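Below, each chain spelled out in residue letters.
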There are 4 protein chains.
Amino acid sequence: MGPGKLDSVDLEKHTALATELGKQIASHGWILLTGGRSLGVMDAAMKGAKSGGGTTIGILPGPDTSEISDAVDIPIVTGLGSARDNINALSSNVLVAVGMGPGTAAEVALALKAKKPVVLLGTQPEAEKFFTSLDAGLVHVAADVAGAITAVKQLLA
Amino acid sequence: MGPGKLDSVDLEKHTALATELGKQIASHGWILLTGGRSLGVMDAAMKGAKSGGGTTIGILPGPDTSEISDAVDIPIVTGLGSARDNINALSSNVLVAVGMGPGTAAEVALALKAKKPVVLLGTQPEAEKFFTSLDAGLVHVAADVAGAITAVKQLLA
Amino acid sequence: MGPGKLDSVDLEKHTALATELGKQIASHGWILLTGGRSLGVMDAAMKGAKSGGGTTIGILPGPDTSEISDAVDIPIVTGLGSARDNINALSSNVLVAVGMGPGTAAEVALALKAKKPVVLLGTQPEAEKFFTSLDAGLVHVAADVAGAITAVKQLLA
Amino acid sequence: MGPGKLDSVDLEKHTALATELGKQIASHGWILLTGGRSLGVMDAAMKGAKSGGGTTIGILPGPDTSEISDAVDIPIVTGLGSARDNINALSSNVLVAVGMGPGTAAEVALALKAKKPVVLLGTQPEAEKFFTSLDAGLVHVAADVAGAITAVKQLLA
């Protein structure tokens, strides 16, 4: 879903985007699957989804639920560390990235490796150019939350 | 949950046990998590749970949903092969084994390694003696579905 | 290879068995693959192998080498926790279990699930009966280190 | 190590780079760890390493050795699919990427997530700019094989 680390200057912007995205995902009846931890855009997106009455799945990296977000409905405890990023990619119909960091980049790359479509929202131009160079047919750049939702709707159609 | 392979002479008995167990799990409001494939006792248990109005999670071993049971509500696609057995163990509050084969034995052993309680239902005496020798405090032997449900209720209390 | 936990009354016996087994494995030119941690029979077996001039591979569960045995030549850092037990099973031609605990039981069960032969050495009768009940064709019980080596030699022939 | 897929127009260039890089890695006494399959730059790099008398480890994605390169000395069979990319990242002291595709991008991103240094060799400018934007301190761009070897030497010092 997006970086868990809170060191970005863009944090406030990304948190707002993720919250609204989560709410919209819920309002369309889609299930939101994230890394499940209580930080960053994944937490914001799940809180948005819950505020919209949606269902959330958290694919946790640790061996227990100690890092879980309050907004996870269904916790999957993997104990796999970052190897769980591949489960996020394989279990999603569409991957939406909000912002970008090494963990988000891994999820996007693993999604492309598995031929899953990706929507980039609020990512830096370097990320958009790079991932488009990897697979232009699978990578969609959204200008805002409404654009991301439209892209997801078309990809699921 | 139990063996996926259909080569057991006890198949009919185990399928009936799993179906009833799934129904009872649903009626208690618990979520049923299994290996998610369309065979053996996991399939039977999930069909039982759905007939009782419950929710089912399937932790699939393959890289896609090609082997999924119709009775899975929430598919988690791991692509991990048998390494996904550890996710089943870590994500469950109690593991109930119906019948026994190598895959079920791996799940039970991984559950005990993670200090999770295990209920054995319809397993051979060799399995009961062995797992009890590994950790008598965590292993509970149930005589029938009602006994398994009582054990789970006490373990979750 | 065998239990990492040191709480067994049989610890001294199993450590001696594992050390001698490791030495014999090395003398036959076979590579020893274990869980790689600095404790229990896996550590003893690797020290035995090194004393015999052999090569050792350690499949570590953690995300770094902080728990590694001094006797590991080639560390593979998985970060997978107990899910790495399946790598041990898949990467071995024969699995030899010395003693028995939940982790060893998981490795044996995963080996049987992958149709790999298993040799049990110094395990309790409950373990021998149970695993033989799972797959009599793949499970071999050895009375001592010499018997285990003979079994491995035949299985690799 | 680099893309396994053979659809790149840059294939010949990357194969030559990887072969020479493998040879140089061997001549410095370093162990080469790759994804272990018999295709693309990973195969070329391992063949180069073997021609230079080096040792190679292959972290295979499948549940057996059916896709293995002839040039693998030590096969680790993970059965994890693309989740094994994280083992490559965690088990390496330095990750060198030759060329770029979704799988290589996942390895680089997972290496950065684990705070491992990365050397990019023969990658497109979009990749260099993107990964540098993620973590400028960990990403090193090499102009040729000699530059990559110099970078690795400094990173290991």
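The rules we used
- Residues numbered from 1 in each chain as written.
- Chains lettered and ligands numbered in written order.
- Predicted model: local features only at pLDDT ≥ 70, side-chain atom pairs only at ≥ 80, totals over all residues.
- Heavy atoms only, no water.
- Salt bridge = Lys/Arg side-chain N within 4 Å of Asp/Glu carboxyl O.
- Helix = DSSP H or I, 4+ residues; strand = E, 2+ residues; numbered from the N terminus.
- Buried < 20%, exposed > 50% of the residue type's maximum accessible area, 1.4 Å probe, protein only.
- Pairing = 2+ DSSP bridges.
- Axes fitted to C-alpha atoms, helices over the stretch in contact; angles between N-to-C directions.
- Contact = heavy atoms within 4.5 Å.
- Least-squares fit on C-alpha atoms with pLDDT ≥ 70 in both.
- Buried area = accessible area lost by both parts, 1.4 Å probe.
- Polar contact = N/O pair within 3.5 Å; in protein donor to acceptor, adjacent residues only side chain to side chain.
- Nonpolar A, V, L, I, M, F, W, Y, C, P; charged D, E, K, R; others polar.
- Lys, Arg positive; Asp, Glu negative; His and termini not counted.

Q: Could you give me a rundown of the pattern of salt bridges, with the residues and numbers involved?
A: For the coordinates displayed, the defined rule picks out 24 salt bridges over all chains. The partner of Lys50 of chain B in a salt bridge is Asp73 of chain B, with the nearest N and O atoms 2.8 Å apart. Taken as a pair, Lys50 of chain B in helix α2 (residues 40-51) and Asp73 of chain B in the loop between β2 (56-60) and β3 (74-77) lie far apart in primary sequence, 23 residues in all. For Lys50 of chain B, a relative accessible area of 34% gives the class partly exposed. Within this structure, Arg84 and Asp85 of chain A together with Lys113 of chain D form a network of salt bridges that share partners.

Q: Break down the sheet that holds strand β4 (residues 95-98) of chain A for me, citing the residues and quoting the values.
A: Residues and elements named next belong to chain A. If you trace the three strands from one edge of the open sheet to the other, you get β4-β5-β6, paired in parallel fashion. Only two strands of the sheet have a single neighbouring strand rather than two, namely β4 and β6 (139-142). When strand polarity is set aside, the average angle formed by the axes of neighbouring strands in this sheet is 20 degrees. For β4 and strand β5 (residues 118-121), the ladder comprises four bridges, and the chain directions are parallel. Bridge pairing in β5 links Val98 to Leu121. The strands that helix α4 (residues 102-113) touches are β4, β5 and β6; relative to β4, the one it contacts most, it runs at about 155 degrees. Helix-sheet contacts for helix α6 (residues 145-156) involve β4, β5 and β6, and the interaxial angle to β5 is about 175 degrees.

Q: An account of the relation of the copies chain A and chain D is needed here, citing residue identities and associated values.
A: With an RMSD of 0.0 Å, the operation that places chain A on chain D is a rotation of 180 degrees combined with a shift of 0.0 Å along the axis. Both copies of the chain, as the preceding transformation shows, are related through a two-fold rotation axis. Comparing interface residues between copies, 100% of those in chain A also sit at the interface in chain D, which points to an isologous, same-surface contact.

Q: Just give me the short version of the sheet that holds β2 of chain B, but keep the residues and values in it.
A: All names here are of chain B. The parallel open sheet is built from three strands, whose spatial order is β1-β2-β3. Among the strands making up the open sheet, the edge pair consists of β1 (32-34) and β3. Going from strand to strand, the sheet's axes swing by 15 degrees on average, the running direction of each strand aside. Contacting β1 and β2, α2 crosses the sheet at an angle of about 160 degrees to β1.

Q: Give a description of the relation of the copies chain C and chain A that names residues and reports values.
A: Note on the copies: chain C fits chain A at an RMSD of 0.0 Å, the axial shift is 0.0 Å, and the rotation between them is 180 degrees. Taken as a fraction of all interface residues of chain C, those also at the interface in chain A reach 100%, which identifies the copy contact as same-surface.

Q: Let's hear about the interface of chain A and chain D: which residues, and what values?
A: Across the boundary between the two partners, chain A contributes 24 residues, which contact 24 residues of chain D. With both chains or domains summed, chain A and chain D bury close to 1900 Å², and 70% of this area falls on carbon and sulfur atoms. The largest contributions to the chain A side of the interface with chain D come from Pro102, Lys113 and Phe130 of chain A, which together make up 31% of the buried area. Taken together, the links from chain A to chain D amount to two salt bridges. When the shortest N-O distance is used, the salt bridge between Lys113 of chain D and Asp85 of chain A registers 2.9 Å. Viewed at the interface, chain D and chain A are joined by six residue pairs in polar contact (both at pLDDT 80 or more). Elements with a contribution of two residues or more to the side of chain A that touches chain D: α3 (85-91), α4 and α5 (125-134) of chain A. A per-element tally of the side of chain A that touches chain D places α4 of chain A first, with eight residues. Considering only residue class, the side of chain A that touches chain D consists of 13 nonpolar, six polar and five charged.

Q: Describe the side chain of Glu107 of chain A, naming the residues involved and giving the relevant values.
A: All names here are of chain A. Structurally, the position occupied by Glu107 is in helix α4. Buried within the structure, Glu107 lacks any salt-bridge partner; its nearest side chain of opposite charge belongs to Arg84, at an N-O separation of 5.1 Å. A polar contact is formed between the side chain of Glu107 and the side chain of Asn88, at a distance of 2.6 Å.

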